[in-house]
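As a plain string of letters, each chain reads:
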Amino acid sequence: DDDDVYHDDQLEFDSGFGNVIVVDNLPVVPREKFEKLEGVIRKIYSQIGVIKEDGLWMPVDPETKKTLGYCFIEYNTPQEAELAKEKTHGYKLDRAHIFAVNMFDDFDKYMKVPDEWAPPEIKPYTPGENLQKWLADEKARDQFVIRAGTDTEVLWNDARQSKTEPVYKRTYWTESFVQWSPMGTYLATVHRQGAAVWGGANTFNRLMRYAHPQVKLIDFSPGEKFLVTYSSHEPSNPRDANRVVINIFDVRTGKMMRDFKGSADEFAVGGAGGVAGNSWPVFRWGGGKEEKYFAKLGKNMISVYETETFSLIDKKSLKVENVVDFSWSPTDPIIALFVPELGGGNQPARVSLVQMPGKEELRQKNLFSISDCKMYWQSNGDYLAVKADRYTKTKKSTYTGFELFRIKERDIPIEVLELDNKNDKIIAFAWEPKGHRFAVIHGDNPRPDVSFYSMRSTHNLGRVAKLTTLKGKQANALFWSPGGRFIVLAGLKGFNGQLEFFNVDELETMATAEHFMATDVEWDPTGRYVATSVTSVHEMENGFNIWSFNGKLLYRILKDHFFQFLWRPRPPSFLTPEKEEEIARNLKKYSKKYEAEDQDVSMLLSEQDREKRRMLKEEWEKWVSEWRRAQEEEKLERQKLRDGEASDEEE
Amino acid sequence: MKGHERPLTFLKYNRDGDLLFSCAKDHTPTVWFADNGERLGTYRGHNGAVWSCDVSRDSMRLITGSADQTVKLWNVQTGAQLYTFNFGSPARSVDFSVGDKLAVITTDPFMELTSAIHVKRIARDPTEQTEESELVIKGPQGRINRAVWGPLNRTIVSAGEDAVIRIWDSETGKLLREADKESGHKKAITSLTKSADGSHFLTGSLDKSAKLWDTRTLTLIKTYVTERPVNAVAMSPLLDHVVLGGGQDASAVTTTDHRAGKFEAKFFDKILQEEIGGVKGHFGPINALAFNPDGKSFSSGGEDGYVRLHHFDPDYFNIKI
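By the naming in an unreviewed UniProt entry, chain B is Eukaryotic translation initiation factor 3 subunit I, taken from Gossypium aridum. Looking at the Subcellular location (unreviewed entry) heading of the UniProt record, one finds this comment for chain B: "Cytoplasm". If you open the UniProt record of chain B and go to Subunit (unreviewed entry), you find "Component of the eukaryotic translation initiation factor 3 (eIF-3) complex."

Looking up chain A in an unreviewed UniProt entry gives the name RRM domain-containing protein, with the organism given as Gossypium aridum. Taken from UniProt, the Subcellular location (unreviewed entry) comment for chain A reads in full: "Cytoplasm".

Written out as structure tokens, the structure is:
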């Protein structure tokens with residue numbers, strides 16, 4: 001079971017001394033100086049945390065009556081003790097006394113190290129399971145995980161048979177949520193003592209666990225090599241900010257590569273504006289699949305680390321005065337950052353593109369009268385859209401414009417785009433994945449408009465152009481197919497689950513539908529299916545629907561207390577773009593084989609269906625004749641009860 | 001039709017299918033023309049919510065059960081009260097026997113009284129009517145929401161809050177059968193309706209399902225699963241359809257479906273157990289359903305106080321799955 005597994009890692013060593021540190025190399029002083037020394041120590045250590053009552057003890061040599069040169073300090077929480085050790089170890093009290101600080105428990109640990117070195121045992125090689133096996137499903141189905149009640153289940157989406165097929169199910173698999181790794185190899189679960197990953201096609205064995213007590217959030221690096229875990233703890237002094245612990249593990253070995261400890265102030269993200277979305281993940285990965293870098297926003301700086309040594313590039317952070325937001329290109333090691341306006345207009349806001357690791361500024365643009373800013377990268381790193389809200393001259397309201405950066409072109413040209421009605425509020429924005437188009441939901445009416453633009457219009461390759469505006473839609477969220485070309489315009493929350501499946505190539509609606517009270521919409525990784533779900537945010541109608549890409553409802557599953565629906569991601573295709581093109585051209589040849597298969601399956605289905613119905617009808621007939629018989633038998637009796645009234649048998 | 005100020009509780013057609021009786025929480029059962037919904041009259045006299053009613057085969061007499069702890073007999077045509085049975089607790093379900101000489105009545109648990117099933121003899125001449133009970137069966141835990149006569153009045157079938165259906169001997173009061181706990185309902189049974197010939201009956205429950213049972217052996221024959229707690233059930237006398245009407249958990253009242261007019265009466269294929277369609281229109285949960293004996297129309301009564309009368313169009317009779 002999981003519990004004893006974690007005890008091995010000596011996490012919750014209830015020695016009772018987890019909050020105690022030993023400070024060594026203190027001056028040895030006589031009685032008269034006790035108070036003064038104690039005062040100095042106390043002053044230093046109470047800055048870091050709250051020392052427990054009677055928590056500072058400086059032992060005295062009974063013979064010499066002088067201090068022994070070290071002291072014990074006890075805090076209320078192990079986190080404070082650890083922080084004190086980090087901050088004061090190596091502290092120079094004076095030239096002759098440099099603090100050597102250790103956790104009390106460490107002494108015990110190090111004393112136990114044997115004197116003789118014994119070579120580690122070499123365990124016999126056991127081949128691991130093929131973790132990518134699910135990709136080779138004969139029927140080319142996709143998996144997804146759902147959480148409902150206390151169960152977590154992984155299922156195949158068998159759209160041909162309009163149903164799911166179970167893969168693996170477990171009750172209490174996770175203690176809070178589950179999350180797939182970015183390429184679908186692992187399923188991560190979160191527990192009190194840390195996180196764990198599971199994998200395989202159907203077996204979902206536990207592959208590794210990562211100790212992190214009270215972990216709340218996790219994040220994988222894009223290439224699945226690293227796992228970042230986060231926890232936040234209450235400080236013992238309620239006026240302080242929470243203590244944050246972030247660990248970065250190597251996924252396959254479970255080894256902790258680096259940990260970060262500090263106050264929540266250092267790890268909270270963003271300032272007054274420009275934080276796009278949640279503040280997690282704190283460390284954002286850059287450099288695409290190669291996961292070479294990760295960076296965090298700090299006060300007036302961006303700390304960029306590289307994964308060779310897990311330390312800051314050039315051993316220092318990138319200093320950017322007043323920076324409030326940044327985001328990586330999804331494919332290249334380029335950071336886009338935003339600095340808001342300063343000094344009441346003296347220094348304009350700006351957006352900058354900085355290349356890593358060299359930290360060269362590739363491009364920058366000053367923006368005037370900015371009230372807020374949001375950055376959106378296109379999936380291939382080809383374009384960056386910066387949504388800039390600007391104050392009107394009177395400063396009473398704002399209007400929005402977009403700065404569109406063409407990243408892959410020479411000198412990174414920037415284009416400014418304003419909507420036809422520039423006062424329209426922007427409700428949603430989304431780039432077409434792998435494509436050159438984007439969609440915007442805008443407007444102040446209860447039913448806003450949806451506009452589509454292309455960065456590569458047919459007339460003029462270098463300029464952005466509008467393709468169309470759909471007026472008065474019940475939509476507040478955009479969901480592009482992962483392959484582009486198709487999009488679901490969804491009306492969640494207030495619109496109660498309106499769905500429009502739209503073909504952007506033809507600019508026409510394929511279907512409109514409704515999943516009443518839907519809270520989430522997710523395309524499968526292949527772009528063939530869309531899953532809409534109602535989570536337990538709502539009391540009733542919990543469950544999910546599976547639709548085809550063009551809006552045909554394939555099947556629906558109801559599940560009370562529904563918490564999560566997540567498609568299993570797929571790794572990028574190994575096919576070269578040329579090969580993909582060849583397949584697209586010769587689709588008819590390839591599809592013949594599958595069409596034949598489909599026919600067989602549907603014939604089988606009808607046969608099964610018909611058989612089932614025939615049996616049900618037969619069974620029913622038996623009951624009906626039994627009842628008729630009984631009615632006949634009782635006919636006379638019934639008439640008597642009615643004082644001889646004959647005719648119909650009905651009551 | 002809007003004739004009730006408060007939520008509907010029960011609907012019943014007479015044998016000829018020309019009259020529809022509705023009961024509601026507003027104390028006043030009402031009779032309507034089943035054809036066009038024209039209101040004919042009301043029966044005044046109760047002091048509490050009226051939970052159910054039944055009408056005699058000759059459409060002359062109406063019996064009603066009310067929360068005011070009485071069951072009343074009425075002259076259908078004149079609206080006059082013929083007799084009042086008094087009980088120690090609210091009366092809930094009423095049902096005339098074959099021949100209309102007996103009536104089975106259930107009463108709710110109240111203070112120290114448990115729920116109970118009473119059998120009263122109904123005199124031909126109302127002046128000769130007495131209060132005497134032929135039989136009293138002290139009930140199981142919880143409210144008994146419906147009790148009806150079995151074939152030839154030999155048995156009484158009861159169902160209620162404890163989710164267990166029971167069959168009693170109508171002469172001795174002895175418990176003859178109980179529904180199997182494994183396959184039976186998991187939550188309170190709210191409604192029960194018999195087939196036209198009484199050979200089988202349908203129960204609806206808050207567990208979001210309805211079940212079809214054989215009356216003589218209490219064998220479970222079919223189960224119909226829906227998404228909402230079921231408040232009312234009805235069976236078509238003509239086609240193999242069952243209709244379920246439902247609502248929402250009381251605890252979820254403020255957070256659920258308030259789409260205007262979208263509470264549905266759901267139609268299922270009786271044999272295949274599959275949903276075939278729904279009829280929308282109520283502004284609140286559906287509490288009562290009844291089919292016209294000719295099978296060509298049905299009515300639904302809602303929490304919204306409305307009775308909705310639906311005549312089927314020709315396509316209904318051609319439904320094929």
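Across its full length, chain A carries 7 helices and 43 strands. Considering chain A as a whole, with its 651 residues, one finds that 45% of them fall into the buried category. Sequence separation of 24 or more characterises 46% of the internal contacts of chain A that already satisfy a separation of 6 or more. Total accessible area on chain A stands at roughly 35200 Å², and carbon and sulfur atoms take up 50% of it.

A separate point is the interface of chain A and chain B. How big an interface is tends to be reported as the loss of accessible area on association of its parts. Contacts between the two partners involve 30 residues from chain A, matched on the other side by 41 residues from chain B. Summed over the shared surface of chain A and chain B, the number is 4 salt bridges. Between Glu634(A) and Arg216(B) there is a salt bridge whose closest N-O contact spans 3.0 Å. Taken together, chain A and chain B are joined by 5 residue pairs in polar contact (both at pLDDT 80 or more).

Below, the discussion takes up the sheet that holds strand β27 (residues 307–311) of chain B. Residues and elements named next belong to chain B. Taken in spatial order, the 3 strands make up an open sheet running β25-β26-β27, and their pairing is antiparallel. A strand with exactly one partner marks an edge of an open sheet, and here the two such strands are β25 (286–291) and β27. Across the sheet, the mean angle from the axis of one strand to that of its neighbour is 20°, orientation sign disregarded. With 5 bridges connecting them, β25 and strand β26 (residues 297–302) associate as antiparallel partners. Residue pairing across strands places alanine 290 opposite serine 299, the latter belonging to β26.

Moving on, we come to the confidence of the model for chain B. Any region with low pLDDT has predicted coordinates that should not be read closely. Residue and element names in this part refer to chain B. In the predicted model, chain B carries a mean pLDDT of 88, and 94% of its residues have values of at least 70. Here residues 255–260 is modelled with pLDDT under 50, and outside its nearest four sequence neighbours on either side it reaches 14 contacts, counting other chains as well. Reported confidence for the predicted complex is 0.83 by ipTM and 0.62 by pTM.

All chains considered together, the criterion is met by 53 aromatic pairs over all chains. Centre to centre, the rings of Trp285(A) and Phe294(A) are 5.1 Å apart; their planes meet at 45°, and the pair counts as tilted. Centroid distance Phe298(B) to Phe312(B): 5.5 Å. Interplanar angle 20°. Geometry classified as stacked. A residue pair is termed long-range when its members are at least 10 positions apart, and Phe298(B) in strand β26 and Phe312(B) in the segment after β27 qualify at 14 residues. Note on accessibility: Phe298(B) and Phe312(B) belong to one class, buried. One aromatic cluster in this structure is built from Phe226(A), Phe260(A), Phe283(A), Trp285(A), Phe294(A), Tyr305(A) and Phe310(A). Over the face of the ring belonging to Tyr399(A) we find Lys422(A), whose NZ or CZ atom lies 4.6 Å from the ring centre. Above the face of the Trp134(A) ring, Arg568(A) is positioned so that its terminal group lies 3.7 Å from the ring centre.

Residue and element names in this part refer to chain A. With antiparallel pairing, the 4 strands of this open sheet are ordered in space as β2-β3-β1-β6. Every interior strand has two partners, whereas the edge strands, β2 (51–57) and β6 (100–103), have only one. If you compare each strand with its neighbour and ignore which way they point, the axes differ by 20° on average. Bridge count between β2 and strand β3 (residues 70–75): 3 bridges; the pairing is antiparallel. Pairing of tryptophan 57 across the sheet is with phenylalanine 72, part of β3. The sheet contacts of helix α3 (residues 78–88) involve β1 (20–24), β3 and β6, and relative to β6 the element is tilted by about 155°. Against the sheet, helix α4 (residues 104–111) contacts β1, β3 and β6, and its axis sits at roughly 80° relative to β6.

Along the polypeptide, Lys194(B) turns up in strand β17 (residues 189–194). Among the polar contacts listed, one links the side chain of Lys194(B) to the backbone oxygen of Trp149(B), at a separation of 2.9 Å.

All names here are of chain B. A cluster of nonpolar side chains, contributed by Phe110, Met111 and Leu113, occupies part of the molecular surface with about 320 Å² of accessible area. On the secondary structure map, methionine 111 appears in the loop between β10 (102–107) and β11 (116–121). Note on methionine 111: relative accessible area 71%, which makes it exposed.

Okay, helix α2 (residues 34–46) of chain A next. Residues and elements named next belong to chain A. With 13 residues, α2 extends 18 Å between its outermost C-alpha atoms, agreeing within 8% with the 18 Å of an ideal straight helix rising 1.5 Å per residue. Regarding α2, the residues found buried are Phe34, Leu37, Ile41, Ile44 and Tyr45. Each buried residue of α2 sits inside an arc of 110° when the element is viewed along its axis, so together they form one side. Pointing more than 90 degrees away from the buried face of α2 are the exposed residues Glu35, Lys36 and Lys43. Looking at the buried side of α2, the elements it contacts are β1, β2, β3, α3 and β6.

A word on the environment of Phe204(A). Among the structural elements, Phe204(A) can be located in the loop between β12 (194–199) and β13 (205–211). For Phe204(A), the residues in contact, after removing those within four places along its chain, are Gln143(A), Val154(A), Val167(A), Tyr168(A), Trp173(A), Trp180(A), Leu187(A), Trp198(A), Gly199(A) and Arg568(A).

Moving on, we come to the pairing of strand β23 (residues 263–269) of chain B. Residue and element names in this part refer to chain B. With respect to burial, β23 is a largely interior element, 6 of its 7 residues being buried. With 5 bridges joining them, β23 and strand β24 (residues 275–282) adopt antiparallel strand pairing. Considered in β24, the bridge of phenylalanine 268 is made with glutamate 275. Counted between consecutive antiparallel strands, the loop separating β23 from β24 contains 5 residues, among which glutamine 273 sits at a positive phi close to 65°.

A word on the UniProt feature "repeat: WD" (unreviewed entry) in chain B. On the UniProt side, "repeat: WD" (unreviewed entry) is annotated at positions that read residues 1–42, 43–84, 137–178, 182–223 and 279–309 of chain B here. Within the segment residues 279–309 of chain B, helix and strand shares are 0% and 61% respectively, and the terminal C-alpha atoms sit 11 Å apart.

Take unusual backbone geometry next. With omega at 0°, the peptide bond leading from Met356(A) into Pro357(A) counts as cis. Tracing the backbone shows Pro357(A) in the loop between β25 (349–355) and β26 (360–367). Residue Asp411(A) is not a glycine yet carries a positive backbone phi of 70°. By the element assignment, Asp411(A) lies in the loop between β29 (398–406) and β30 (414–418). Positive phi is not limited to glycine here, since Ser59(B) has a value of about 60°. Residue Ser59(B) is classed as buried on the basis of its relative accessible area, which comes to 12%.

Moving on to the pairing of β3(A). With 5 bridges joining them, β1(A) and β3(A) adopt antiparallel strand pairing. Paired with Val22(A) across the two strands is Phe72(A), which belongs to β3(A).

Scoring rules and cut-offs
Residues numbered from 1 in each chain as written. Chains lettered and ligands numbered in written order. Predicted model: local features only at pLDDT ≥ 70, side-chain atom pairs only at ≥ 80, totals over all residues. Heavy atoms only, no water. UniProt positions renumbered as here; feature names shortened; annotations may be inferred. Helix = DSSP H or I, 4+ residues; strand = E, 2+ residues; numbered from the N terminus. Buried < 20%, exposed > 50% of the residue type's maximum accessible area, 1.4 Å probe, protein only. Contact = heavy atoms within 4.5 Å. Areas by Shrake-Rupley, 256 points an atom, 1.4 Å probe, with all protein chains shown as cover. Salt bridge = Lys/Arg side-chain N within 4 Å of Asp/Glu carboxyl O. Polar contact = N/O pair within 3.5 Å; in protein donor to acceptor, adjacent residues only side chain to side chain. Pairing = 2+ DSSP bridges. Axes fitted to C-alpha atoms, helices over the stretch in contact; angles between N-to-C directions. pLDDT = per-residue confidence, 0-100. Phe/Tyr/Trp six-rings, centres within 6.5 Å; stacked < 30°, edge-to-face > 60°. Lys NZ or Arg CZ within 6 Å of the ring centre and 35° of its normal. Patch = residues over 30% accessible without salt bridge, like charges linked within 9 Å, V, L, I, M, F, W, Y side chains within 5 Å. Expected span 1.5 Å × (residues − 1). Arc of directions from axis to C-beta.

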